[in-house]
Amino acid sequence: MEVTSPEQESAGRLTRGCLWFKSLPNKFCAKLMEIVKMAKKVGQDDPRRIIHSLKVALALTLVSLFYYFKPLYDGFGVSAMWAVLTVVVVFEFSVGATLGKGLNRILATFVAGALGVGAHCLATLSGRKGEPILISTFVFIIAAIVTFMRFFPKLKARYDHGLLIFILTFSLVSVSGYRNDQVIKMAHERVSTIIVGSCASVIVCICICPVWIGEDLHNSVAANMEKLGNFLEVFGDEYFKVSEASQSDENKSFLRGYRSVLTSKSTEETMATLARWEPGHGRFGYRHPWKMYLKIGNLTRECAYKLEALNGYLNTKMQTPAEIGGKIQGPCAKVSLESSKALKELGSSFRKMVRSRSSVLHIGSSKTAAEELKNLLKPNLWEEADLLEIIPPLSVASLLLEIIECIEKIAEAENELAKAASFRSRDATISPVQPDLLHQGAVQQVSDADIPHRVIIVAE
């Protein structure tokens, strides 16, 4: 057993220390390159983030002029710093979020400032000894009531920031008035600078490359429907192992895409709340029915949970016997494919804000295949089969039938939204009779030559 001397231990520590200092530049460069790559990825994922950063910097620079230029500074004094703080707090990524915070802050500051001045005036009537007692009482009552109001779901969703600023402003104005006799001037300066900061944020956010959260919500709901369609498109081949091509990486990515739909509820609710603050823009008019997007989103997630159950049968170790699989393969594959086309068409027409009957045709075709599948599920056809062998394929068939019902609900909800939002019609042909194809079992495509055309002449 070797015994190291104190001199050897000291030399070893010194060597390790030298090696650590030598490797420090390399570690620093590697960490720096990692940060650069991450920043590049964040910018490439959504270039609007870079523009947003520049917009915030521009708004702060404009508002800071109130502090730099003496004529502007003389008008607001030290309170000009509130304008800078307002930009930092109010300026958000989207127009809806910025408008919501800006209007909440302005209104809350104005009302709370007025109440704070009123509380100060009432407190001064009670004399110097009673003034702090009354002010403390007012602050206690107002803070308790408004804080409790923040727990109301509807108020919290749209006005939480305003309620918070209300408590802050009322407390500052009423309490500061005890030591500062110019309470009205102080409240006026605070309200004015906050209005300036909020207006600067809103103007820059809207006028320079605006990000509309309503448009993001619209595209997100459409993309979720398309993700479900992508899953169903490859599910039939993947489940019945039609070919080796079904094992491709692209197919596997389609089979995983629906999972993001399962966790989209909170995001959609937040986006719908913020979208209601936005003015009419582009294809989205004033008072656009954003709440109806949540209904479509909920139905889409309901369908996604059924796909989650289907995905469980893809990963099971139990193999479907060839004899049983051969009986239901055709109808199941057709239901899956037609449902996929219906969802993709619903997503595409929803994204373009047009009404199309193509999705109804695909739903009708899937229901025709579903009737054939239901006939195969009759008990007398499976009397001799092993129960453990037929349960997985029959469960898959049952889930596919439920998915058709979900798609019908999605189509109906989209049709309601199309009427409320005045989607334009894609079909140019005018037919004298338009039956309700959505609830019929079989639908056949009719060529334009078989439909009598009408010529409409509009006289000016």
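Owing to the predicted nature of the structure, the values given are computational and were not obtained by experimental measurement. (Residues numbered from 1 in each chain as written. Predicted model: local features only at pLDDT ≥ 70, side-chain atom pairs only at ≥ 80, totals over all residues. Heavy atoms only, no water.)

Turning our eyes to something else, we now look at the overall build of the protein chain. Helix and strand counts for the protein chain come out as 16 helices and two strands. For the protein chain, the proportion of contacts with a sequence separation of at least 24, taken over those separated by at least 6, is 80%. If you sum the accessible surface of the protein chain, you get close to 26600 Å²; carbon and sulfur atoms cover 62% of it. (Helix = DSSP H or I, 4+ residues; strand = E, 2+ residues; numbered from the N terminus. Contact = heavy atoms within 4.5 Å. Areas by Shrake-Rupley, 256 points an atom, 1.4 Å probe, with all protein chains shown as cover.)

This next bit is on the side chain of Ser192. Mapped onto the elements, Ser192 comes out in helix H8 (residues 183-207). The class for Ser192 is buried, based on a relative accessible area of 19%. From its side chain, Ser192 meets the backbone oxygen of His188 in a polar contact 2.8 Å long. (Buried < 20%, exposed > 50% of the residue type's maximum accessible area, 1.4 Å probe, protein only. Polar contact = N/O pair within 3.5 Å; in protein donor to acceptor, adjacent residues only side chain to side chain.)

This part covers the packing of helix H4 (residues 80-90) against helix H5 (residues 95-124). Remark: H4 packs on H5, axes separated minimally by 9 Å, with the N-to-C direction vectors making an angle of 140°. With respect to H5, the element H4 is oriented oblique. For the pair H4 and H5, contact is made by Trp82, Thr86, Val89 and Val90 and by Thr98, Lys101, Gly102 and Arg105, respectively. Here the residues of the contact of H4 with H5 sort into three nonpolar, three polar and two charged. (Axes fitted to C-alpha atoms, helices over the stretch in contact; angles between N-to-C directions. Parallel < 35°, antiparallel > 145°, perpendicular 65-115°, else oblique. Nonpolar A, V, L, I, M, F, W, Y, C, P; charged D, E, K, R; others polar.)

The pLDDT averaged across the protein chain works out to 80; a share of 79% of its residues lies at or above 70. pLDDT under 50 marks residues 242-246. Its contacts with residues more than four places away, or in other chains, come to seven contacts. (pLDDT = per-residue confidence, 0-100.)

The next subject is a positive patch on the surface. Together, Lys154, Arg276, Arg287 and Lys291 line one region of the surface with positive charge. Residue position: Arg276 is located in the loop between helix H12 (265-275) and helix H13 (291-314). (Patch = residues over 30% accessible without salt bridge, like charges linked within 9 Å, V, L, I, M, F, W, Y side chains within 5 Å. Salt bridge = Lys/Arg side-chain N within 4 Å of Asp/Glu carboxyl O. Lys, Arg positive; Asp, Glu negative; His and termini not counted. Charge placed at Lys NZ, Arg CZ, Asp CG, Glu CD.)

The next point concerns the pattern of salt bridges. Opposite charge on two side chains allows them to pair when their charged atoms are near. For the structure on display, the rule yields 13 salt bridges. A salt bridge links Arg48 to Asp46; the nearest nitrogen and oxygen atoms lie 3.0 Å apart. With relative accessibility at 14%, the residue Asp46 sits in the buried group. Linking Glu302 and Lys409 is a salt bridge whose minimum nitrogen-to-oxygen distance equals 3.9 Å.

Attention shifts here to the packing of aromatic side chains. Going through the model one piece at a time under the given rule, you end up with eight aromatic pairs. Residues Phe148 and Phe152 carry aromatic rings whose centres are separated by 5.6 Å and whose planes lie at 85° to one another, so their mutual orientation is edge-to-face. Seen in terms of ring centroids, Tyr159 and Trp277 are 6.0 Å apart; in terms of plane orientation they differ by 85°. Their pairing is edge-to-face. Note that Tyr159 is positioned in helix H7 (residues 153-176) and Trp277 in the loop between H12 and H13, a separation of 118 residues in sequence. When its relative accessible area of 34% is taken as the criterion, Tyr159 is described as partly exposed. Residue placement shows Arg158 over the ring face of Trp277; its charged tip is 4.4 Å from the ring centre. Here Arg190 stacks its cationic end above the ring of Trp82, 4.0 Å away from the centre of that ring. (Phe/Tyr/Trp six-rings, centres within 6.5 Å; stacked < 30°, edge-to-face > 60°. Lys NZ or Arg CZ within 6 Å of the ring centre and 35° of its normal.)

A cluster of nonpolar side chains, Leu58, Leu62, Leu65, Tyr67, Tyr68, Phe69, Val78, Met81, Leu85 and Ile208, forms an exposed patch at the surface whose accessible area comes to about 910 Å². Put simply, the parts of the chain that give the nonpolar patch at least two residues each are helix H2 (48-68) and H4. Looking at which element gives the most residues to the nonpolar patch, the answer is H2, with five residues. When you line up the elements, Phe69 lands in the loop between H2 and helix H3 (70-76).

On to the nonpolar core, then. By size, the foremost hydrophobic cluster in this structure holds 57 residues, and its most contacted members are Phe231, Leu310 and Phe350. For this core, the secondary-structure elements that each account for two or more residues are helix H9 (213-240), helix H11 (259-262), H12, H13, helix H14 (322-352), helix H15 (358-376) and helix H16 (387-421). The element best represented in this core is H16, accounting for 15 residues. For Leu310, the contacting residues outside a window of four places in its chain are Phe231, Leu232, Phe235, Val396, Leu399, Leu400 and Ile403. (Core = buried A, V, L, I, M, F, W, Y, C linked by side-chain atoms within 4.5 Å.)

This brings us to the layout of surface pockets. Counted as a void, the second largest pocket has a volume near 350 Å³. Together, 16 residues line the second largest pocket, and Arg276, Tyr286, Arg287, His288 and Trp290 are the ones closest to its centre. A class-by-class count of the residues in the lining of the second largest pocket yields seven nonpolar, four polar and five charged. (1 Å grid on protein atoms, 1.4 Å probe; cavity = no way out; pocket = protein on both sides within 12 Å on 5 of 7 lines; lining within 4 Å. Points joined across faces, edges and corners; volume = space filled by probe spheres on them.)

A positive phi is found at Cys209, a non-glycine position, where the angle reads about 40°. Within the secondary structure, Cys209 sits in the loop between H8 and H9. Look at Cys209 and you get partly exposed, because its relative accessible area is 45%. The backbone of Arg287 shows a phi angle near 60°, a positive value even though the residue is not glycine. As for its placement among the helices and strands, Arg287 is situated in the loop between H12 and H13.

The next thing to look at is the packing of H5 against helix H6 (residues 127-149). The geometry of H5 relative to H6 is characterised by a closest axis approach of 7 Å and an angle of 145° between their N-to-C directions. Helix-helix and strand crossings are classified by hand; for H5 and H6 the assignment is right-handed. Facing Ala119, His120, Leu122, Ala123 and Thr124 of H5, the residues of H6 in contact are Gly127, Glu131, Leu134, Ile135 and Phe138. Partitioned by chemical class, the residues of the contact of H5 with H6 number six nonpolar, three polar and one charged. (Left-handed = near helix turned anticlockwise from the far one by under 90°.)

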